[in-house]
Structures are given as structure tokens and as C-alpha cells.
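What follows is each chain in one-letter form.
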Amino acid sequence: IADIPLYNQDIQDAGWPGPVERLRNEVARADGVLLAAPEYNFGVAGPLKNAIDWLSRFKDNPPLKWKATAIFSVTLGHLGGVRSQHDLRRILCAVEALVLQKPEIFIGNGPTKFDAEGRCTDETTKKFLTAQMLAFEDWIARVKRFAA
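Residues numbered from 1 in each chain as written. Predicted model: local features only at pLDDT ≥ 70, side-chain atom pairs only at ≥ 80, totals over all residues. Heavy atoms only, no water.

Description of the pattern of salt bridges
Working step 1: What the rule picks out here adds up to 12 salt bridges.
Working step 2: For Glu 117, the salt bridge goes to Arg 119, with nearest N and O atoms at 3.1 Å.
Working step 3: We classify Glu 117 as exposed; its relative accessible area is 57%.
Working step 4: Each of Asp 3, Arg 22 and Glu 26 takes part in a single network of salt bridges with overlapping partners. (Salt bridge = Lys/Arg side-chain N within 4 Å of Asp/Glu carboxyl O. Buried < 20%, exposed > 50% of the residue type's maximum accessible area, 1.4 Å probe, protein only.)

Describing the packing of aromatic side chains
Working step 1: What the rule picks out here adds up to 4 aromatic pairs.
Working step 2: Where Tyr 7 meets Trp 54, the ring centres are 4.8 Å apart and the plane angle is 75°; that geometry is what we call edge-to-face. One end of the pair, Tyr 7, is in the segment before helix H1 (9-14); the other, Trp 54, is in helix H3 (residues 46-56), with 47 residues separating them in the sequence.
Working step 3: Between Trp 66 and Phe 146, the aromatic rings sit 5.5 Å apart at their centres with planes inclined by 65°, giving edge-to-face as the arrangement. Here Phe 146 lies in helix H5 (residues 123-147) and Trp 66 lies in the loop between H3 and strand S4 (68-74), a separation of 80 residues in the sequence.
Working step 4: Note on Phe 146: relative accessible area 54%, which makes it exposed.
Working step 5: An aromatic cluster is built from Tyr 7, Trp 16, Trp 54 and Phe 58, whose rings are joined through pairwise contacts. (Phe/Tyr/Trp six-rings, centres within 6.5 Å; stacked < 30°, edge-to-face > 60°. Helix = DSSP H or I, 4+ residues; strand = E, 2+ residues; numbered from the N terminus.)

Examining the packing of helix H2 (residues 18-29) against H3
Working step 1: Viewed as axis vectors pointing N to C, H2 and H3 meet at an angle of 80°, and their least axial separation amounts to 10 Å. Comparing the axis directions of H2 and H3 gives the class roughly perpendicular. Between H2 and H3, the contacting residues are Val 20, Leu 23, Arg 24 and Val 27 on the first element and Ala 51, Trp 54 and Leu 55 on the second.
Working step 2: Per-class residue counts for the contact of H2 with H3 are 6 nonpolar, no polar and 1 charged. (Axes fitted to C-alpha atoms, helices over the stretch in contact; angles between N-to-C directions. Parallel < 35°, antiparallel > 145°, perpendicular 65-115°, else oblique. Contact = heavy atoms within 4.5 Å. Nonpolar A, V, L, I, M, F, W, Y, C, P; charged D, E, K, R; others polar.)

Some words on the side chain of Gln 132
Working step 1: When you line up the elements, Gln 132 lands in helix H5.
Working step 2: On the accessibility criterion, Gln 132 (1% relative accessible area) is buried.
Working step 3: Excluding residues within four positions of it along the chain, Gln 132 makes contact with Leu 34, Ala 70, Ile 71, Phe 72, Leu 100, Pro 103 and Ile 105.

Right under this line is the structure:
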């Protein structure tokens, strides 16, 4: 999402930027959306919020509407992103995404649980993430039945 411009009505009126169209198509094709969300200054990271804002502007077939979605967060601090997830869940409600409620995954002290290549090295964290992925797989199947 780094190449998506800041949302601006004038840019939208001039035509959808290519990176926004690409994201829309990827989200629309996906069975579900997994958001690995950092927390910045007690809130949702700006680039993620911006991407959601762009996606919300597609009034015909909005790509996040009724899309199975799950969230986990990793932070440097101890709380693991609980504040940003609260905000993100509220934002996703506004675009009618169907967010997996549990298990909630808040990974604090991230640098101690992942190596330099981003691989999880902490067994407890692996168990939490595995549980969420299994629940998300089930959630996707249930949402597909609902949306059909």
C-alpha cells in the first residue's frame, strides 16, 4: 500500500490511481483479508487507514463490504496494538467488513518474537497465530455461505 496516494477527492475525480485499482481488484478477488496492523501513536497506521479510505470510495461493489477480515497486531511495546485494533475494528465496521472477533491477537515486544527476516521464533506466539488462522479459515467459509 506504500504506492497509494493520500486520499483526495480531486485525485479521485481525475480518475482512479493505478495502485488503488490494483488494491481494489486484489481485495475483491480475495476470499478474506488479513490485516497485520502496527500501532502508531496509539492508533491505526496512516497508510492502512488511507488504503481503507480509498477502498471505501468504490460505491458500486465496495470490495470490503461483507468481506471476511481478521486482524492481528505487533508492536514494540507491551500492549501489542490493542488501541489500534480497537480503532481499526470501528473503521472496518463503517465499511461493512465482517471482522473475526476472536481470537484477538496482540503481540507485544515484537522484536523479541521475530527474527530479522520476519519469521516468528516464539512458540507461544506461533500457537496464538495458528489458532487465529484456523478460526479465520472457518470464518471465511461461514461468510461465503452467508454472502451467497
